[in-house]
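Here are the chains, one letter per residue:
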There are 2 protein chains.
Amino acid sequence: MDLAVTTSIDDVFAPKLDRTTAESLREQIRRHLAGLIESRRLPPAAPLPPVRALAAMLGVNPMTVAKAYRELAVAGLVEGRGRSGTRVRTARPSLAPQSHRSLPRDRHERVSTSERLFELARAPNVIALTGNYPRPEDSGAPEFQACVAELVSGPLAANYFRYDPPAGRRELQEAVSGFVASSGIACPPGRVIITAGGQQAIDLVLRSVRQRGGGVVVERPAYFGILNAIRSAGLRAYEVPVGPAGMDLDILESVLKQEGPRLICVNPTFHNPTGTTIPIESRRRLLSLARQHGALILEDDHCPELRFDGEQVPALAALEGAADLVFYARGFGKAFVPGIRLGFLLVPVSHLRPLLATKASADLQSTALMQGALARFFARGHHQTATNRLLTAYAPRREQLLRALADCLPQAIRVHPPAGGLSLWLTMDRAAPASELYYCAAGHGVAFAAGEAFYARPPAELALRISFGLTPPEQIAEAAERLGNSLRDLLERCIASPLPL
Amino acid sequence: MDLAVTTSIDDVFAPKLDRTTAESLREQIRRHLAGLIESRRLPPAAPLPPVRALAAMLGVNPMTVAKAYRELAVAGLVEGRGRSGTRVRTARPSLAPQSHRSLPRDRHERVSTSERLFELARAPNVIALTGNYPRPEDSGAPEFQACVAELVSGPLAANYFRYDPPAGRRELQEAVSGFVASSGIACPPGRVIITAGGQQAIDLVLRSVRQRGGGVVVERPAYFGILNAIRSAGLRAYEVPVGPAGMDLDILESVLKQEGPRLICVNPTFHNPTGTTIPIESRRRLLSLARQHGALILEDDHCPELRFDGEQVPALAALEGAADLVFYARGFGKAFVPGIRLGFLLVPVSHLRPLLATKASADLQSTALMQGALARFFARGHHQTATNRLLTAYAPRREQLLRALADCLPQAIRVHPPAGGLSLWLTMDRAAPASELYYCAAGHGVAFAAGEAFYARPPAELALRISFGLTPPEQIAEAAERLGNSLRDLLERCIASPLPL
């Protein structure tokens, strides 16, 4: 008898129900089981416990469990009923045994719905809810431009037309060291590598991991740039579901124990795309799990300054004991100067040499002139000006968008408003073909990021990310209305009727 | 009996002697055999034919063959004599069977002599012969700086502070398409990817090859940036020796037949580091060999404009039938604007999608502002100005350096003056520990690139690359004198006495 098939929910772990939150018990059970299935802690064909047994184990009404099971069936995650009981679905090709480890290599060979939606965003008369970064006039671009102008307005700036060491210009390494110190991260300039944006910082770490072998943990869903870098490096990926408080650490622990990945990729603050933020206690536990199981952490922190609600949570890199465990990656594009293509990576000292060799192999070094201008930008304190300008511009736009969505979206769509960042995550507990999503969006002249772009394996549920970075205030109401109409169309035209359970 | 050990020179191929060139017959025999050994067409322990037998086969005096064998022994490539005859040396760990395929992964873990020499180049009172790129004032940097100043001097240049498609700005793709057309390469803008310098162009191709599997051919010696990228991608490398007319195509053919590599990396014009240029007939043969054996070509063409002697030879990418076989990689740093970190890759159309995905994974795209300024630079024809300025500045410096070296260098050192480029390759048919090279250089206050940096496996012979890009005219005589004294020291202090043969 196949061992995997005998795995049942109580062999792994039962959901820990929280009766104090707004999330219903049914939703907690559904989400927890979905996470176990999507991370393959519950493999295909594994039986779920009988409804009455799980209800008794959890001390809830059997109807609550039955409803959760029904929703899982609608989402395509489980199947069957009656004598043989409910089992994890085996039929979905996306859950085939081989495919959960390495991401499909040939994904870039076909034009995906998400690419078609990004193309749609550039079409005339389309409102694009795809720009997860600020408009130049709402960012630090004016100050940065002035810094460039100062460097190039005099005689030949010979100091900027030469080859530098791969780590970057000393003046910018020092500026970064001072900048991160202000958010509690102690990192000397010698551990800073200046990169071509946050994307290169991520890519360098994954390339370096590949050379040493082993798999990586990634959030499900995750920023498509990190999925692309994992795919490009040919690494095995273990997807761990993201809940309302970020990555599910129980599932992470189980993956660490069973699979021994070398690296955990995590975006703990204003997670892209779901917007969740990992609370401080969970951050400590994450660090401790990594240490205990010999894994490193890649912390992608794209815009912690863009907080609209609540208190700042320290970065993982700022916690005690992080210096030799955490690679900290940031770009300057999302919170300071869009399109600047500069960022940085803070590197544990024992990994500095291989990372510098990888940077040299990738592009030798980043442009000296842009580095010089950015160092000046920080020295003048323009990053503070930029943050203040962004918060002033985007806090009211975010409120306006949330209100408009509350009016326009169909009831079946759930909005997940984050405490910060320029995107919102929308979900629906039902499956819909992503291609239909494209036609509905095109029909109403609105574009957004299709959820599928953020999953290594296609998701069972429908999701989308809408970003308001490039949306002018006067377009927000119209954008919400078009989006609402698109999704209403989608619901009416092509949602499969719920499976009988 | 081990098949490899029975391989003899006539099983592979005998040297084709050319009695019309300046190169002596002895040197031709030595070079050809060294190439067979270093590319492992003649594996360790393979017997060389008896001196008299080879002399008879080639129609030369036996003393000529004996001298060539003796030089190979001094270089550490062959060993033994008497009854058992001369055999390819087995003792060198660098020729261990495993190591010829994949480059050592841990090379970046230790500080190499070449790195120490590059560090020495930054020390006070040291004359650095390491800059293989022009001084800003001798390049197009003043014009480029003016282009940047124009873009940033007015109101907010919002068009440059945004995210672009990974292929680059259309205006620069068009400028590149026009630029390469002027040297006979027909490539529409849609096949141009703007990269972070020539290094990234090389790296993207190698990463893309890795995803499809298979090994790559690389020249021996080769530019260390390409060796780093091969190492970083974890690819198998087959080294093919470079002779006075570039890559040895007979050996290449044998490697293509026996190993089936997917890609041939070649720097056909002013080869870095040896300075050789592949003649037009050999270029046609190279293209035809690649097509015949199903291999692609990566043509690294760093500075074809910097020609001081002779006629321009068309790039491989300009030859008939190249469009679907040749990736053409160039940076703008060496011939136009040092340190700009922009370059381009011309991509066969069937490889465009995977290459764009790799570029997006590497750094999303290159900086819009720098791309915009460079497009303006080309539109104004500043690249012509830059080329004229470079040739005017460097032609006399090169002459001055060659004359000074003729006066200062010990007889045992051979200078290989190329028809173009800012470097010269120096060789000596004897082995010397690279660490001693460092001490001799440091003792006399001169730095250069150690030959070992350009070899995947350590070379048997001593070589070095000296570059005069950053050397002011008034320092050239002093530089040559210091170099001569360093090498005289090296010869006196630590050359092992010739092996008895």
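Residues numbered from 1 in each chain as written. Chains lettered and ligands numbered in written order. Predicted model: local features only at pLDDT ≥ 70, side-chain atom pairs only at ≥ 80, totals over all residues. Heavy atoms only, no water.

**Q** Before we go on, may I ask you to explain empty space enclosed by the protein in this structure?
**A** If a probe the size of a water molecule is rolled over the atoms, the empty space left behind becomes visible. With the rule as written, the count across this model stands at 14 cavities of 30 Å³ or more. In this structure, the largest cavity occupies an estimated 200 Å³ of space. For the largest cavity, the lining is made up of 18 residues, of which B:G198, B:Q199, B:Y223, B:G331 and B:K334 are closest to its centre. It is helix α9 (residues 197–212) of chain B that contributes the most residues to the lining of the largest cavity, four residues altogether. Each pocket or cavity is described by its volume, and for the second largest cavity that value is around 110 Å³. As for the second largest cavity, its lining consists of 16 residues, and the residues nearest its centre are A:A196, A:R341, A:T367, B:A196 and B:T367. When its residues are assigned to classes, the lining of the second largest cavity shows six nonpolar, six polar and four charged. (1 Å grid on protein atoms, 1.4 Å probe; cavity = no way out; pocket = protein on both sides within 12 Å on 5 of 7 lines; lining within 4 Å. Points joined across faces, edges and corners; volume = space filled by probe spheres on them. Helix = DSSP H or I, 4+ residues; strand = E, 2+ residues; numbered from the N terminus. Nonpolar A, V, L, I, M, F, W, Y, C, P; charged D, E, K, R; others polar.)

**Q** I tried to follow the confidence of the model for chain A on my own but got confused; where do I start?
**A** Residue and element names in this part refer to chain A. When pLDDT is averaged along chain A, the result is 88, and 90% of the positions lie at 70 or above. Low confidence marks residues 497–501, where pLDDT is under 50. Its contacts with residues over four positions away, or in another chain, come to 11 contacts. Both confidence scores are given for the complex: pTM 0.87, ipTM 0.86. (pLDDT = per-residue confidence, 0-100. Contact = heavy atoms within 4.5 Å.)

**Q** When you look at the interface of chain B and chain A in this model, what are you seeing that I'm missing?
**A** You'll often see interface size given as the accessible area lost when the parts meet. Listed as interface residues are 62 residues of chain B and, on the opposing side, 62 residues of chain A. Between chain B and chain A, roughly 5,000 Å² of surface is buried when both sides are summed, and carbon and sulfur atoms account for 53% of that area. Together, B:Q145, B:F161 and B:Y163 form the three largest contributors to the area buried by chain B at its contact with chain A, with a combined 15%. At the boundary of chain B with chain A, the tally comes to two salt bridges. B:R207 is the partner of A:D203 in a salt bridge, and the nearest nitrogen-oxygen pair spans 2.7 Å. Listing elements by their share of the side of chain B that touches chain A, those giving two or more residues are α7 (141–153), α9, α10 (224–233), α13 (352–363) and α14 (368–379) of chain B. Across the side of chain B that touches chain A, the residue classes tally to 31 nonpolar, 16 polar and 15 charged. (Buried area = accessible area lost by both parts, 1.4 Å probe. Salt bridge = Lys/Arg side-chain N within 4 Å of Asp/Glu carboxyl O.)

**Q** Please clarify how the packing of aromatic side chains should be interpreted in this entry.
**A** Under the defined criterion, the tally for this structure stands at 32 aromatic pairs over all chains. Look at A:F336 and A:F378: their rings are 6.0 Å apart centre to centre, the planes differ by 70 degrees, and that puts the pair in the edge-to-face class. Of this pair, A:F336 sits in the loop between β10 (326–331) and β11 (343–346) while A:F378 sits in helix α14 (residues 368–379); the two residues are 42 residues apart in sequence, bridging distant segments of the chain. Per residue, the accessibility class of A:F336 equals that of A:F378, and both read buried. Ring pairs connect the aromatic residues A:F144, A:F179, A:Y328, A:F332, A:F336, A:F344, A:F377, A:F378 and B:F161, which therefore count as one cluster. (Phe/Tyr/Trp six-rings, centres within 6.5 Å; stacked < 30°, edge-to-face > 60°. Buried < 20%, exposed > 50% of the residue type's maximum accessible area, 1.4 Å probe, protein only.)

**Q** What is the right way to look at α14(B) in this model?
**A** Residues lying three or four places apart along an α-helix face the same way, a consequence of the helix completing one turn every 3.6 residues. Given a rise of 1.5 Å per residue, 12 residues ought to cover 16 Å, and the 16 Å separating the end C-alpha atoms of α14(B) matches this to within 8%. The element α14(B) is largely enclosed, with a buried count of 10 among its 12 residues. Residues of α14(B) that are buried: B:A368, B:L369, B:M370, B:Q371, B:G372, B:A373, B:L374, B:A375, B:F377 and B:F378. In the core, the buried residues of α14(B) are packed alongside α7 (141–153) and α14 of chain A together with α7, α8 (170–181), β4 (192–195) and α15 (382–408) of chain B. Just past α14(B), the residue B:G381 takes up positive phi, approximately 80 degrees. (Expected span 1.5 Å × (residues − 1).)

**Q** I keep staring at the sheet that holds strand β13 (residues 423–428) of chain B and nothing clicks. Help me out?
**A** Residues and elements named next belong to chain B. Read across the sheet, five strands follow the order β3-β14-β15-β13-β12 without closing on themselves; strand pairing throughout is mixed. Each edge of the open sheet is held by one strand with a lone partner, namely β3 (127–129) and β12 (414–416). Mean inter-strand twist for the sheet, computed between neighbouring axes without regard to direction, equals 35 degrees. In this sheet, strand β14 (residues 446–450) lies alongside β3 in parallel orientation, the contact comprising three bridges. Within the sheet, the bridge partner assigned to I127 lies in β14 and is V446. Taken strand by strand, α15 contacts β12, β13 and β15 (462–467), and its axis lies near 20 degrees from that of β13. In the packing of helix α16 (residues 434–444) onto the sheet, the strands contacted are β14 and β15, and the crossing angle to β14 comes to about 155 degrees. (Pairing = 2+ DSSP bridges. Axes fitted to C-alpha atoms, helices over the stretch in contact; angles between N-to-C directions.)

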